[in-house]
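# Survey of secondary and tertiary structure
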There are 2 protein chains.
Amino acid sequence: MGAPLEFYFDFASPYGYLASVDLERLASRHGRGVIWRPILLGAVFKITGVKPNLHHPLRGEYLLRDTVRFARLRGIPFTTPSSMPMSALAASRAFYWLDTLDALDAAGEGSGGGGGGDGGGSGRAVTLARAVFHSHFVEGRDLGPREAVAALAATCLGLDQRAVLAGIDQPEVKDRLRQETDRAIERGVFGSPFVFADGEPFWGADRLDQVDRWLDSGGW
Amino acid sequence: MGAPLEFYFDFASPYGYLASVDLERLASRHGRGVIWRPILLGAVFKITGVKPNLHHPLRGEYLLRDTVRFARLRGIPFTTPSSMPMSALAASRAFYWLDTLDALDAAGEGSGGGGGGDGGGSGRAVTLARAVFHSHFVEGRDLGPREAVAALAATCLGLDQRAVLAGIDQPEVKDRLRQETDRAIERGVFGSPFVFADGEPFWGADRLDQVDRWLDSGGW
């Protein structure tokens, strides 16, 4: 089994959501895992001097049309949230809090990882990530408020909401999100989705067919 | 035969060049013409507050890698020009000067258009456009200087260089380029390439497969 695909995204990015669905299908076809890495694109935009697409004249209008058209073509359920772009801070922190717990569970089981703790698809962190995307981009809910993230985690993982809120507030969780965002920038990530396939960078939901080709042939 | 595809691009845009090759193949498969419409993205960037991708940290580095990789995948000859991004002003004006001459020729022949004058693929304007892209993105030449454009027009169309330079300087040619750029912005164009297929907007060289699908099925 080859190395997992590394999937950088912002929870507020519709193309990140759209790519997540196709990427899991694609990885599965190639017998690969997916390492989920939520980041805050706002930090990236500060460096690149870019604004979110939705805030651009012309580009924002196109995005609203294109995301719906893109989803329809691929058969992916999608609703344009009225809260777009939402704040991804609480959801991203909750993800890394759970990712750390997944890693502890995996270590406790002596498995040395492979599932929980590497964002690799089978842990609670990834379950939450899928739920955040679904709740926001299919049901149209605003997952910006930390209480909304805690309620979602309670529903889909059976967690105590107060524990989630406390987890979101842990200094080491905040540090982890900053570190993952910094690391992404160091690796050249400037948008969402951004996928590394065997180290090769691909930007954009419309480049997954190239990721597919890359994995088929080991490059071209 | 359906309506021609409308192809907006900036001569300085590597993705504009890459799309031009695939778009002509694609249009031909669907029995469609292509209306070439060079514009100056600088005017668009003033409105959208965007910089050329090449000038972005991270994004610029990705562009340099991605264009080469993209061209290799599609089998399109490509060299990264050392003069990138070049000024597209002279080449764009020369295009519209020739487009006007093509239209006069077509009117004189009583054909009422259909070839020359509509940027529709068979006129001297489009011959020059293909040559500009080839000279810049395959041979790596800088077509920014008006003298370079005039020399290229002499080589590929047998025109007198002084006539080309005079054409580039005509006030009505300068107006035409401004009008075409303004019209593009009115229609929502904010990047290169930007294609309208039966009125539907598609942005990006990596969306031509969607244009293909759209023409196959009349939408989805």
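Just so you know, these numbers come straight off a predicted model, no measurement behind them.

## Thoughts on the overall build of chain A
In terms of helices and strands, chain A carries 9 helices and 4 strands. In chain A, the order of α-helices and β-strands from amino to carboxyl end is β-α-β-α-α-α-α-α-α-α-β-β-α. Taken over C-alpha atoms, the radius of gyration comes to 17 Å for chain A, in line with the 17 Å a tight globule of 220 residues would show. Scored against the burial criterion, the 220 residues of chain A give a buried share of 46%.

## Focus: the confidence of the model for chain A
Mean pLDDT for chain A: 92, with 94% of residues reaching 70 or above. In the predicted assembly, ipTM is 0.88 and pTM is 0.91.

## Examining the environment of Val34(B)
All names here are of chain B. Along the chain, the position of valine 34 falls in strand S2 (residues 34-38). Overall, valine 34 belongs to the buried group, with 20 C-beta atoms counted inside 10 Å. In this structure, the C-alpha to C-alpha distance between valine 34 and leucine 101, residues 67 residues apart in sequence, is 18 Å.

## What to know about the packing of helix H1 (residues 14-29) of chain A against helix H9 (residues 208-217) of chain A
Residues and elements named next belong to chain A. The contact between H1 and H9 brings their axes to 10 Å, and the two run at 15°. With respect to H9, the axis of H1 lies roughly parallel. Helix-helix and strand crossings are classified by hand; for H1 and H9 the assignment is right-handed. Together, Ala19, Asp22, Leu23 and Leu26 of H1 and Leu208, Val211 and Asp212 of H9 make up the contact between the two elements. Its residues assigned to classes, the contact of H1 with H9 shows 5 nonpolar, no polar and 2 charged.

## A few points about the interface of chain A and chain B
Many analyses report the size of an interface as the accessible area lost when the parts associate. At the junction of the two partners, chain A supplies 23 residues and chain B supplies 23 residues. Breaking the side of chain A that touches chain B down by element, the ones donating at least two residues are helix H2 (41-48), helix H3 (59-74), strand S4 (200-203) and H9 of chain A. When residues of the side of chain A that touches chain B are assigned to their parent elements, the largest contribution, 5 residues, is made by H3(A). By residue class, the composition of the side of chain A that touches chain B is 10 nonpolar, 6 polar and 7 charged.

## Structural notes on helix H6 (residues 146-157) of chain B
Residues and elements named next belong to chain B. Its 12 residues give H6 an end-to-end C-alpha distance of 16 Å, which sits within 8% of 16 Å, the value for a rise of 1.5 Å per residue. At its buried positions, H6 is contacted by helix H4 (89-108), helix H5 (124-137) and helix H7 (161-168). Directly after H6, the chain includes glycine 158, whose backbone phi takes a positive value near 70°.

## Overview of the sheet that holds strand S4 (residues 200-203) of chain B
All names here are of chain B. The 4 strands are arranged S2-S1-S3-S4 in an open sheet whose pairing can be described as mixed. In this open sheet, the two edge strands, each paired with only one partner strand, are S2 and S4. Averaged over all pairs of adjacent strands, the angle between their axes in this sheet comes to 20°, without regard to strand direction. As paired strands, strand S1 (residues 5-9) and strand S3 (residues 194-197) are joined by 3 bridges and run antiparallel to one another. If you follow glutamate 6 over to S3, its bridge partner there is phenylalanine 196.

## What about the pairing of S3(B)?
Sheet faces and side chains relate simply in a regular strand, where the side chains alternate between the two faces. All names here are of chain B. Residues Phe194 and Phe196 of S3 are buried on one face, and the alternating residues Val195 and Ala197, pointing to the opposite face, are buried as well. Across 4 bridges, the pairing between S3 and S4 is antiparallel. By the bridge assignment for S4, phenylalanine 194 is matched with tryptophan 203.

## Some words on the relation of the copies chain A and chain B
Least-squares fitting of chain A to chain B yields an RMSD of 0.0 Å, with the superposition described by an axial translation of 0.0 Å and a rotation of 180°. Such a turn and shift between the copies fits a two-fold axis. By residue overlap, the copies meet face to face through one surface: 100% of the interface positions of chain A are interface positions in chain B.

What counts as what
Residues numbered from 1 in each chain as written. Chains lettered and ligands numbered in written order. Predicted model: local features only at pLDDT ≥ 70, side-chain atom pairs only at ≥ 80, totals over all residues. Helix = DSSP H or I, 4+ residues; strand = E, 2+ residues; numbered from the N terminus. Rg over C-alpha atoms; globule rule 2.2 N^0.38 Å. Buried ≥ 20, exposed ≤ 12 C-beta atoms within 10 Å, placed from the backbone. pLDDT = per-residue confidence, 0-100. Axes fitted to C-alpha atoms, helices over the stretch in contact; angles between N-to-C directions. Parallel < 35°, antiparallel > 145°, perpendicular 65-115°, else oblique. Left-handed = near helix turned anticlockwise from the far one by under 90°. Contact = placed C-beta atoms within 7 Å. Nonpolar A, V, L, I, M, F, W, Y, C, P; charged D, E, K, R; others polar. Expected span 1.5 Å × (residues − 1). Pairing = 2+ DSSP bridges. Least-squares fit on C-alpha atoms with pLDDT ≥ 70 in both.

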